[in-house]
Amino acid sequence: MAEPATIAALKALFPDVSFSEFRGQTRAVVPRRSIYQVLQTLKDRFAFDLLVDVTCVDYLHYRGAKDRFGLVYLLANTQTNERIIVRTFVNDPEPTVPSVVGLWEGANWLEREVWDLFGIRFEGHPDLRRIVLPEEFTAHPLRKDYPLQGRGERHNFPVITRAKS
Amino acid sequence: MPLTPVSSTRNLAHDEPQAYLWTMNFGPQHPATHTTIRLVLKLDGERVVDAMPDIGYLHSGFEKLGEHLDFNQYVTVTDRMNYCSPMANNVAWHLAVEKLLGIEVPPRCQYLRVIVAELARISDHLVCNAAVGLDTGAFTFFVYAFNPREQIYDIFEALCGARFTNSYTRVGGLMYDATPKAIEMIREFVRGLPKALVDMRRLLDGNRIFVERTRGIGVLTREEAVNRSITGPIARAAGVTRDLRKDEPYLTYRDFDFDVCCAQEGDCYARYLVRMAEIEESLKIVRQAVENLPSGPVNVGIDQRVILPERRQVYSTIEGLISHFELSMSNRGFVVPCEEVYSATEAPNGELGFYLVGDGTNTAYRARCRPPSLLNLALFPHLVRGHALSDVVAVMSSLNIIAAELDR
């Protein structure tokens, strides 16, 4: 829950950001072009120094959704215990957002995980490799068009025997 | 052992030709990684120049499963995330679901959830500190720590019938109410643990080998901890005072008198001390909760339409029968708003949160788990640079990496 003063100040700075609230949580929807500035301002001016999480939601089958991917940044202020959820939307083809590793070092592995499982590119990320899946994997399995049982990758893994290794 | 400044090692790694550097594979199968993690270490003699963790060996798509299992079924998967404290994961998951649905559970259920979550914290910290001792050569401490852990598992068995993968919580309540026998077991445990803790601390607190191997090793500063999204005992050992039980009280943590344990040093020894102190604070919470345990129902009423009614109600009342069928039929069930919610708890390793997206059906549209272990392991290369190879195991075990949680 962010303080009303914080929300008012943010509204004055970024008129195109829309705010909503649900179960006591403040959520801001930011246009894709200004996501980096908003996060930077939140960190530097409003002391949201803890990046709790970076994650993504694929809205492919979601009722009434206009955009494909929603990126979610959860921020917290360790002094005042304020929290804010910042969301932005990106679309196919080539969904990209600027990386926030420069602001929070903790974003490094979180963004790698989003790239791995959703295929969203983070521009300016120092080391954007797959993190939980093998390098030779081609799909992004948390996308809604990827089947639960996989596409047979598991059965076609190369087998290395002791003699061949 | 004197600390080598990290910056000088960095220059060595980047400015001079690196032909003499060794590359060593540590894991994926190695007793000191505890679970399946691979570390690629770049060594200059015995000194670690760089470390590259390689994770994903236990990735089994928990978040994808969360989009196909309903809110009560998925609790079995959360058991398998941090298997050292499955109860804490159960509580975190169902708190998130209840936040999405807008349900408040009765006081008795909240107290019981606090008790099991704190017992899980004690068991997790015991295992972690036992592993720190084991990896630095103190095997006796390991045996001392596993004895109370066994008692905790006996309590869990008395509460829900399972020792390891508990799945104790349900949407709007618990699987079973606590029996008088289980309460008596918790009381006995609370009476007996302080003596065991004194014995344990006498073994390790002043043990010269242990202190020399952990003090000044893997130092983390407060600024680095916040910047790298570290939470839980590792951040508190570096001077961060954040504890969600105090800062954003959930369940009934507001009712209890306990302290947040912090240290300034940020090294492996401080992490050990913070965990030991947190065990004592958790014990205080359990003692207060079990003595003030309210009576009354443990589940929300059947009018909330989330919990299966008792069999007597199903067979003798029409409301019970209707609500039983509504919950059992696949096209009915919970009333879930098309909304998104984030709920966080203070799990033993740090902030364990779930980001849930509801789409009106019984299953989550997206069930994101914010795993504390993932961010803790991301810290590992930063902590270990410049230290000796033998310090790798000390740092690794003090971070308490649970690979099942970080890979999911």
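Calculation notes
- Residues numbered from 1 in each chain as written.
- Chains lettered and ligands numbered in written order.
- Predicted model: local features only at pLDDT ≥ 70, side-chain atom pairs only at ≥ 80, totals over all residues.
- Helix = DSSP H or I, 4+ residues; strand = E, 2+ residues; numbered from the N terminus.
- Buried ≥ 20, exposed ≤ 12 C-beta atoms within 10 Å, placed from the backbone.
- Contact = placed C-beta atoms within 7 Å.
- Domains from an automatic or database assignment.
- Nonpolar A, V, L, I, M, F, W, Y, C, P; charged D, E, K, R; others polar.
- Expected span 1.5 Å × (residues − 1).
- Pairing = 2+ DSSP bridges.
- Axes fitted to C-alpha atoms, helices over the stretch in contact; angles between N-to-C directions.
- Parallel < 35°, antiparallel > 145°, perpendicular 65-115°, else oblique.
- Left-handed = near helix turned anticlockwise from the far one by under 90°.

*Asks:* Please explain the overall build of chain A as it appears in this structure.
*Replies:* Along chain A, the regular secondary structure elements total three helices and seven strands. Helices and strands in chain A line up, N terminus first, as α-β-β-α-β-β-β-β-α-β. Oriented by its inertia axes, the alpha-carbon framework of chain A measures out at about 65 × 35 × 25 Å. The burial tally for chain A puts 36% of its 165 residues in the buried class. Of the contacts formed within chain A by residues at least 6 apart in sequence, a portion of 53% connects residues at least 24 apart.

*Asks:* Please clarify how the domain arrangement of chain B should be interpreted in this entry.
*Replies:* It is common to give the size of an interface as the accessible area lost on bringing the parts into contact. Residue and element names in this part refer to chain B. Its domain assignment divides chain B into domain 1 (6-54) and domain 2 (62-309 + 328-407). If you average the C-alpha positions of domain 1 and of domain 2, the two centres end up 31 Å apart. Between domain 1 and domain 2, the contact holds 18 residues from the first and 19 residues from the second. Counting only elements with at least two residues in the side of domain 1 that touches domain 2, the list comes to helix H1 (6-15), strand S2 (38-44) and strand S3 (47-54). No other element matches S3, which puts six residues into the side of domain 1 that touches domain 2. Grouping the constituent residues of the side of domain 1 that touches domain 2 by class yields 10 nonpolar, five polar and three charged.

*Asks:* Honestly, the interface of chain B and chain A in this entry has me stumped. Any pointers?
*Replies:* In this complex, chain B contributes 34 residues to the contact, which on the side of chain A involves 28 residues. Sorting the residues of the side of chain B that touches chain A by element identifies helix H2 (62-66), helix H9 (222-227), strand S6 (340-347), strand S7 (350-358), strand S8 (364-370) and helix H15 (372-378) of chain B as the ones contributing at least two each. In terms of residue class, the side of chain B that touches chain A is built from 12 nonpolar, eight polar and 14 charged.

*Asks:* What am I meant to see in the environment of valine 314 of chain B here?
*Replies:* Residue and element names in this part refer to chain B. In this fold, valine 314 is placed in helix H13 (residues 311-316). C-beta crowding within 10 Å serves as the criterion here: with 18 such atoms nearby, valine 314 is assigned to the partly exposed category. If near-sequence neighbours (up to four positions away) are discounted, valine 314 is found in contact with Pro309, Gly320, Leu321 and His324.

*Asks:* How do you make sense of helix H3 (residues 107-118) of chain A when you look at a structure like this?
*Replies:* At 3.6 residues per turn, the α-helix brings residues three or four places apart onto the same side. Look at H3 of chain A: 16 Å from first C-alpha to last across 12 residues, which is about the 16 Å you get at 1.5 Å a residue. By the criterion of burial, H3 of chain A is predominantly enclosed, with 12 of the 12 residues buried. Those residues of H3 of chain A not exposed but buried are Ala107, Asn108, Trp109, Leu110, Glu111, Arg112, Glu113, Val114, Trp115, Asp116, Leu117 and Phe118 of chain A. Those residues of H3 of chain A hidden inside the fold are in contact with strand S3 (50-58), strand S4 (69-76) and strand S7 (121-123) of chain A together with H15 of chain B. Glycine 119 of chain A lies just past H3 of chain A and shows a positive phi near 70°.

*Asks:* What am I meant to see in the sheet that holds S6 of chain B here?
*Replies:* Neighbouring strands of a sheet are bound in pairs by backbone hydrogen bonds; such pairs are parallel or else antiparallel. All names here are of chain B. The strand order S6-S7-S8 describes an open sheet built from three strands, whose pairing is antiparallel. Of all strands in the sheet, those with a lone pairing partner are S6 and S8, marking the two edges. On average, adjacent strands in this sheet sit at an angle of 15° to one another, irrespective of strand direction. Direction of pairing for S6 relative to S7: antiparallel, over a ladder of eight bridges. The residue bridging threonine 345 from the neighbouring strand is leucine 352, located in S7. On top of the sheet, helix H4 (residues 86-101) reaches S6 and S7; it is set at about 155° to S6, its chief contact.

*Asks:* Quick question: what am I supposed to make of the pairing of strand S5 (residues 83-90) of chain A here?
*Replies:* If a strand is regular, its side chains alternate between the two faces of the sheet. Residue and element names in this part refer to chain A. Judged by how many residues are buried, S5 sits mostly within the fold: six of eight residues are covered. Pairing of strand S2 (residues 25-29) with S5, which is carried by three bridges, proceeds in the parallel orientation. By the bridge assignment for S5, arginine 27 is matched with isoleucine 85. In this structure, S4 lies alongside S5, joined through eight bridges in antiparallel fashion. When the sheet's bridge partners are listed, glycine 70 is paired in S5 with phenylalanine 89. The hairpin formed by S4 and S5 contains six residues between the paired strands, and asparagine 81 there has a positive phi angle of roughly 60°.

*Asks:* Before we go on, may I ask you to explain the packing of helix H5 (residues 107-135) of chain B against helix H12 (residues 268-291) of chain B in this structure?
*Replies:* Geometry of a packed helix pair, given as the angle between the helix axes and the separation of the axes. Residue and element names in this part refer to chain B. Across the interface, H5 lies against H12 with an axial gap of 9 Å and an inter-helix angle of 155°. Overall, the two elements H5 and H12 adopt an arrangement that is roughly antiparallel. Judged by the twist between their axes, the crossing of H5 over H12 is left-handed. Judged by residue contacts, Tyr111, Val114, Ile115, Glu118, Leu119, Arg121, Ile122, His125, Leu126, Cys128, Asn129 and Val132 of H5 engage Tyr272, Arg275, Met276, Glu278, Ile279, Ser282, Leu283, Ile285, Val286, Ala289 and Val290 from H12.

*Asks:* I would appreciate a short explanation of the sheet that holds strand S1 (residues 18-22) of chain A in the present structure.
*Replies:* Residue and element names in this part refer to chain A. Ordered by their spatial adjacency, five strands build an open sheet running S1-S2-S5-S4-S3, and the pairing between neighbours is mixed. The open sheet has two edge strands, S1 and S3, and neither has a second partner. Sheet twist, expressed as the average angle between the axes of neighbouring strands with direction ignored, equals 25°. With respect to the sheet, helix H2 (residues 35-44) is in contact with S4 and S5, its orientation differing from that of S5 by roughly 170°. Of the strands in this sheet, S3 and S4 are in contact with H3, which crosses S3 at around 5°.

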